[in-house]
Structures are given as structure tokens and as C-alpha cells.
Amino acid sequence: MSIYELKPRFQALLRPLVVRLHAMGVTANQVTLAACVVSVVLGLWLFFAAPSLAAFGLIPAWMFLRMAFNAIDGMLAREHNQQSRLGAFLNELTDVVSDAALYLPFALVLPFSPFWVGTVIVLAGLSEFAGALGPTVGASRRYDGPLGKSDRAFVFGALGLYVALGWPLPGWTAWLMPLVAALVAWTTVNRIRRALAEADAAAAGPASPAGRN
């Protein structure tokens, strides 16, 4: 079970807003780029400016809003005839860039290791790459868990809130980033396996009557 599976309900709540945005002339690509710009600015500001820990509270707030942005751009594209080849590239690339920027500030938080935060960033990018490669082998774009984009947003949003409240992180949480890295690696393997299984099933086609038990 992944948080991604709750997306249809979230989209239903946003649909009236999407209709209004379309009427105003807002495009899917504009929403995609806006979400990426805010993510990068926020992540780099937290990393380089090193503000007070309370500023980490902006991460969970933006993670929630970013999910809304991602749902809105998809709905504008699908439901209002704004799908484009450029949009397909932007959708995948900006997600990876945004995730990297938003995870980066946690390298400054003790007892997290910058090495493991960096590892999570790299593996998160690979997991989305693996999901996006599904159509190249005859499968769908894969969103399998256990730690897809929405799930990672929940994890890092919760961590951001915890840090912002000023609560000390116990020593055992040093193992949290290696655990996240392992779950993201598992996610990548799941996406590859299930994409191959889906492609094999599609290639085999429906079983013939003679072959059925």
C-alpha cells in the first residue's frame, strides 16, 4: 500500500480549482515549473543559509502543497488537453530535481550522515528513472512502493516537522537514512520486476481456450 494510491481522492477535491485555473489560462507546464522552482529555492535556502531549526517547518507545509501542484498539473494535462512531449520530460525531471533539493537540508541535521542523505537522493532519482522506463519495455509508468515519491514526501515532511519543533533526535535515528535508502532501493527493484512482469503478460496475451484448466 502506497500513499500514491490515495491520489484519486485528492484529485477529486482539487478538480473545481483545476477548472478555474484552466479558465484563467494556467497551463500544466507552468504549474510543473512553479513547483520545481519553489522546491529548489526552499531546499537551497535551508541548506546554504542554515536558518533556525524552526524553518524546517516549511518543508512539511510545502510537501503538502507540492502534492497539490503535482496533482493539478496532471489533471490540467489529462483533462484539459494540455499533454505534450515537453510536459512528459518536465514532469519526470522536475520531480527528481525537487526531491534532491528538499532532502538536501537534512544533511545538516544531526545525527543524520551527509553520506546517507546523499545516498537517498541518488537512489530516489534512480527509483523514479526505473518507474519512467516502464513504457520502454511495454509496461506502464510504474509507481510501486514501498517508498515512492508520495511516501518519501510523508517521511521527510514528518522529519521536517519534528526538527522544526526543536525536539532532539535520539542517537538511533542515525540509522533512519540507511533504512530509507534500503526502502528506496527496494522500491526500484519492485518497479523493475513489476514492469517486466507486466510487459511479459502483455506480450503473452490472453490464454487460449485449449491452454486453460
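Residues numbered from 1 in each chain as written. Predicted model: local features only at pLDDT ≥ 70, side-chain atom pairs only at ≥ 80, totals over all residues. Heavy atoms only, no water.

J.: With reference to specific residues and values, describe the overall build of the chain.
T.: The secondary structure content of the chain amounts to seven helices and zero strands. Considered along the principal axes of its C-alpha atoms, the chain spans approximately 65 × 45 × 25 Å. Every one of the 213 residues in the chain was classed for burial, and the buried ones make up 42%. Within the chain, contacts between residues separated by at least 24 positions form 83% of all contacts whose residues are at least 6 apart in sequence. Accessible surface, the chain as shown: approximately 11600 Å² in total, 72% of it carbon and sulfur. Within the chain, one finds 15 positive and 11 negative side-chain charges whose respective centroids are separated by 3 Å. (Helix = DSSP H or I, 4+ residues; strand = E, 2+ residues; numbered from the N terminus. Buried < 20%, exposed > 50% of the residue type's maximum accessible area, 1.4 Å probe, protein only. Contact = heavy atoms within 4.5 Å. Areas by Shrake-Rupley, 256 points an atom, 1.4 Å probe, with all protein chains shown as cover. Lys, Arg positive; Asp, Glu negative; His and termini not counted. Charge placed at Lys NZ, Arg CZ, Asp CG, Glu CD.)

J.: Now, about the pattern of salt bridges: what can you tell me, with residues and values included?
T.: Inspection of every chain in the model, using the stated rule, returns 12 salt bridges. Where E79 meets R15, a salt bridge forms, and the shortest distance between an N and an O atom there is 2.7 Å. Residue E79 is located in helix 3 (residues 58–79), and its partner R15 is located in helix 1 (residues 7–23); the two are separated by 64 residues in the primary sequence. Across the salt bridge formed by E92 and R141, the nearest N and O atoms sit 2.7 Å from each other. Remark: R141 occurs in the loop between helix 5 (114–132) and helix 6 (149–164) and E92 occurs in helix 4 (residues 85–103); sequence separation between them is 49 residues. A relative accessible area of 16% places R141 in the buried class. Taken together, the salt bridges that share partners define one network made up of R66, E92, D95, D99, E128, R141, K149, R152 and R191. (Salt bridge = Lys/Arg side-chain N within 4 Å of Asp/Glu carboxyl O.)

J.: Account for the confidence of the model for the chain, naming residues and giving values.
T.: Fine structural detail should not be taken from predicted coordinates in areas where pLDDT scores are low. Across the chain, pLDDT averages 92, with 93% of residues at or above 70. Note on residues 208–213: pLDDT under 50 across the span, and one contact to partners over four residues away in sequence or across chains. (pLDDT = per-residue confidence, 0-100.)

J.: Break down the side chain of T188 for me, with residues and values.
T.: Secondary-structure assignment places T188 in helix 7 (residues 176–204). Judged by its relative accessible area of 14%, T188 is buried. When residues no more than four places from it in sequence are discounted, the contact partners of T188 are L123, L126, S127 and A130.

J.: Account for the environment of F115, naming residues and giving values.
T.: Relative to the elements of secondary structure, F115 occurs in helix 5. Separated by 13 residues in the primary sequence, F115 and E128 place their C-alpha atoms 20 Å from one another.

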